[in-house]
Amino acid sequence: MLMSACSYAEARLTRGFLEYAQHCGFIADPTRPGHPKDKPKVKRQVPYARERFFKGGQFHDLQDLRQQASRWCLEIAGQRVHRRSSSRDIEK
């Protein structure tokens, strides 16, 4: 369980999840249920990376995966032009 309260106003992340977030170096920021505009635009990026980067990729070790992912983000994924804003993902 990630949250120890059911209400957004009373939301408290569990100690285990907070320790995990600190270990991985990200900040947990719960959003209100039923308010999709509160959420960052991440959901569509995961399938994109899964299909375009990971699928068929070959990685020798974790360091190799990280180097390839960094290069892919800068040279390929970040160069995509957003259809509404006409800006590149890397410019945001």
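A short tour of the structure in this document, coming up.

Thresholds, definitions, all that
Residues numbered from 1 in each chain as written. Predicted model: local features only at pLDDT ≥ 70, side-chain atom pairs only at ≥ 80, totals over all residues. Heavy atoms only, no water. Helix = DSSP H or I, 4+ residues; strand = E, 2+ residues; numbered from the N terminus. Buried < 20%, exposed > 50% of the residue type's maximum accessible area, 1.4 Å probe, protein only. Contact = heavy atoms within 4.5 Å. Areas by Shrake-Rupley, 256 points an atom, 1.4 Å probe, with all protein chains shown as cover. Phe/Tyr/Trp six-rings, centres within 6.5 Å; stacked < 30°, edge-to-face > 60°. Core = buried A, V, L, I, M, F, W, Y, C linked by side-chain atoms within 4.5 Å. Salt bridge = Lys/Arg side-chain N within 4 Å of Asp/Glu carboxyl O. Axes fitted to C-alpha atoms, helices over the stretch in contact; angles between N-to-C directions. Parallel < 35°, antiparallel > 145°, perpendicular 65-115°, else oblique. Left-handed = near helix turned anticlockwise from the far one by under 90°. Nonpolar A, V, L, I, M, F, W, Y, C, P; charged D, E, K, R; others polar.

### Observations regarding the overall build of the protein
Inference 1: Within the protein, the secondary structure is distributed over 3 helices and 0 strands.
Inference 2: Going from N to C terminus, the protein has its helices and strands arranged as α-α-α.
Inference 3: Within the protein, the proportion of its 92 residues that are buried is 13%.
Inference 4: When contacts within the protein are restricted to residue pairs at least 6 apart in sequence, long-range pairs at least 24 apart make up 15% of them.
Inference 5: Roughly 8,200 Å² of accessible area belongs to the protein as shown, and the carbon and sulfur atoms make up 53% of that amount.

### Thoughts on the packing of aromatic side chains
Inference 1: According to the stated counting rule, one finds 8 aromatic pairs in the structure shown.
Inference 2: Ring geometry for tyrosine 20 and phenylalanine 26: centres 5.9 Å apart, planes at 75 degrees, overall edge-to-face.
Inference 3: For tyrosine 20, a relative accessible area of 45% translates into the label partly exposed.
Inference 4: On the basis of an interplanar angle of 40 degrees and a centroid distance of 5.3 Å, the ring pair of phenylalanine 53 and tryptophan 72 is categorised as tilted. Of this pair, phenylalanine 53 sits in helix H2 (residues 45-54) while tryptophan 72 sits in helix H3 (residues 62-75), and the two are 19 residues apart along the sequence. Like tryptophan 72, phenylalanine 53 is buried.
Inference 5: Three or more aromatic residues joined by ring pairs make a cluster, and in this case those are Tyr48, Phe53, Phe54, Phe59 and Trp72.

### Some remarks on the nonpolar core
Nonpolar side chains in soluble globular proteins tend to end up buried together.
Inference 1: By size, the foremost hydrophobic cluster in this structure holds 5 residues: Tyr48, Ala49, Phe53, Trp72 and Ala77.
Inference 2: Beyond its immediate stretch of four places on either side in the chain, tyrosine 48 contacts Phe53, Trp72, Ile76, Ala77 and Arg80.

### Some thoughts on the environment of phenylalanine 54
Inference 1: By secondary structure assignment, the location of phenylalanine 54 is in helix H2.
Inference 2: Since its relative accessible area comes to 44%, phenylalanine 54 is described here as partly exposed.
Inference 3: The contacts of phenylalanine 54, once residues within four sequence positions are left out, are Ala49, Phe59 and Leu65.

### Observations concerning the pattern of salt bridges
Inference 1: Applying the stated criterion across every chain, the model contains 2 salt bridges.
Inference 2: Across the pair lysine 55 and glutamate 51 runs a salt bridge whose closest N-O atoms are separated by 3.3 Å.

### Some words on the packing of H2 against H3
Inference 1: Their axes nearest at 12 Å, the elements H2 and H3 cross at an angle of 110 degrees. Classified by the angle between their axes, H2 and H3 sit roughly perpendicular to one another. The way H2 lies across H3 gives a crossing that is right-handed. Where H2 abuts H3, its residues Tyr48, Ala49, Arg52, Phe53 and Phe54 lie against Leu65, Gln68, Ala69 and Trp72.
Inference 2: Its residues assigned to classes, the contact of H2 with H3 shows 7 nonpolar, 1 polar and 1 charged.

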